[in-house]
Structures are given as structure tokens and as C-alpha cells.
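For reference, the chains in residue letters:
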Amino acid sequence: MTFDRKIKIAPSILSADFADFGREIQAIEAQGADWVHVDVMDGHFVPNLTFGPPAVSAFRRHVKTFMDVHLMIAPVDPYIEAYAKAGADLITAHVEAGPHIHRTLQAIKAQGVKAGVSLNPGTPLSSIEHVLDLIDMVLIMTVNPGFGGQQFIASGLEKIRACRRMIGDRPIHIQIDGGITPETAPLVAAAGADVLVAGSAVFKGGSVANPEVYGANIRAIRAAAESALG
Ligand code: DX5
Ligand code: ZN
């Protein structure tokens, strides 16, 4: 995939019907999703539990676009290979999940997949200053990770602006996750984000039987974000 800063919408399947992931993934892709965002939670780093590698491998069979795997697990290093083999195109690890983020990112790159690094709302940007040459994406959390449907934390906007300045001309995506809606999308896009994760705002009101709602929701988020870019 060639690098660009066009707005990309990455629906989080954490808000999909858990009994019907295959058709949910097909529906969001048919309705305009650019990436598919998979939230992996361990009940330890975050207070919720989701998908092991076999589940992610099953999702992969349905993903035609780009599968972005957000690991909210600690420790993370022992599981990188399994999630890469499950078919992730990009693996994101949290800087708070262990003492050696540089080693973690090296391990992700060694699997031949793209590498992302994520920051919780309370974590300073300076924590990733020295790993920029290893990464393809920074994920700035605008909620405390663990659940969909939480309220956007606005202090993330200044962090996005500072991150955009910090990465300069490097081909590094800025992804935002948490509380993205047509109301908050223009704020994060104007601040410098290009990949917008949205769970509840994409899936609300729709279903695999009524997927046009997903399309309308995706278009509303994208249009709001693009309107902020002029
Ligand atoms: C939160 C997850 C998110 C979540 C976003 O821990 O990382 O990806 O699904 O959900 P919304 O868009 O509903 O805030
Ligand atoms: Zn996520």
C-alpha cells in the first residue's frame, strides 16, 4: 500500500454483531470502509476480553482491504508472531504495555508487517520520540482503551497537533481511536489525523440486513473530516 494522508475510515468491529463477523466485515467494506480495525483485549492491560489469534485469522478470510490489529495486551511480545501469522497487515502495540517498546516494534517489523505504536490519553508524546524510524503509524487514543461508545477526550487534540509536527515529512500515519463521530472527526482531521477509527458511530442503527446505514454513517464521518481540510 502506498503512503498518503487522505482520510481513511477504519470501522472497529468491536461494535459489530459478535455472532456474524464474516458478514459484518463484508458489509462495512462494501459500504466504504478503508481499513478494518480489530481490537484485541486481554482483561489485564484493559478491563475487557476479546479476540485471540484464531479469531483474527477467521476475520482475515473476509477482509479484502487492510486489517489493522490494535493490541491492548501486556505482555505483548510473546504474541506478536501469532497475530502476524493470523494475517494482520499492521500491528499496533501500546507504549505502556511493557518496558521495551523499541524491542517490541523491532519484533513487529521482523514479522514483515507494518508497525504502529499507541499512546493512552495520559501518556506523553515524548515516549515515542526515539522510535519514529521504526514505525508506520502512531495511534493516539482519545478514550481510555477497553470499551466502545465512550466520550471523546478533547486533550487529545493538542497531542495530535504536536505529533503531526514531530513526524514532519516521515511517512507515518496518525490514527485516532475513541469517540470519533461526525462531530469530533473534523477536529481530529484539522489537527493532523488521517486514519479515523470508529466503532459505535459506524455500526449504530445498521445491521447486515440493513447495511446502507453503515454506508451513510461512514460517509458522514468522512465528509465531516474532509470538510475540515478545505
Ligand atoms: C477502545 C477501542 C476502540 C473502540 C472505539 O478501547 O480501541 O477501537 O472500539 O469505539 P468507539 O468508536 O465507539 O469509541
Ligand atoms: Zn482500537
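This write-up is about the structure you can find in this document. (Residues numbered from 1 in each chain as written. Chains lettered and ligands numbered in written order. Predicted model: local features only at pLDDT ≥ 70, side-chain atom pairs only at ≥ 80, totals over all residues. Heavy atoms only, no water.)

Going through the model one piece at a time under the given rule, you end up with 11 salt bridges. A salt bridge links D136 to K109, with the shortest nitrogen-to-oxygen separation between them at 2.8 Å. Of this pair, D136 sits in the loop between β5 (114-119) and β6 (137-141) while K109 is found in helix α4 (residues 101-110), placing the two residues 27 residues apart along the sequence. We classify D136 as buried; its relative accessible area is 14%. For E158, the salt bridge identified is with R165, shortest N-O distance 3.6 Å. One network of salt bridges, with partners in common, ties together D4, R5, K8 and D194. (Salt bridge = Lys/Arg side-chain N within 4 Å of Asp/Glu carboxyl O. Helix = DSSP H or I, 4+ residues; strand = E, 2+ residues; numbered from the N terminus. Buried < 20%, exposed > 50% of the residue type's maximum accessible area, 1.4 Å probe, protein only.)

With that settled, consider the pairing of strand β2 (residues 36-41). Across the six residues of β2, six count as buried, placing the element largely inside the fold. A two-sided burial pattern is seen for β2, the buried positions comprising V36, V38 and V40 on one face and H37, D39 and M41 on the other. As paired elements, β2 and strand β3 (residues 67-72) share six bridges and run parallel to each other. In the strand pairing of β3, V36 is matched with M67. Of the crossover connections in this fold, the one passing from β2 over helix α2 (residues 53-60) to the parallel β3 is right-handed. (Pairing = 2+ DSSP bridges. Right-handed = clockwise from strand over helix to strand, strands pointing away.)

Any functional reading would require information that these geometric values do not contain.
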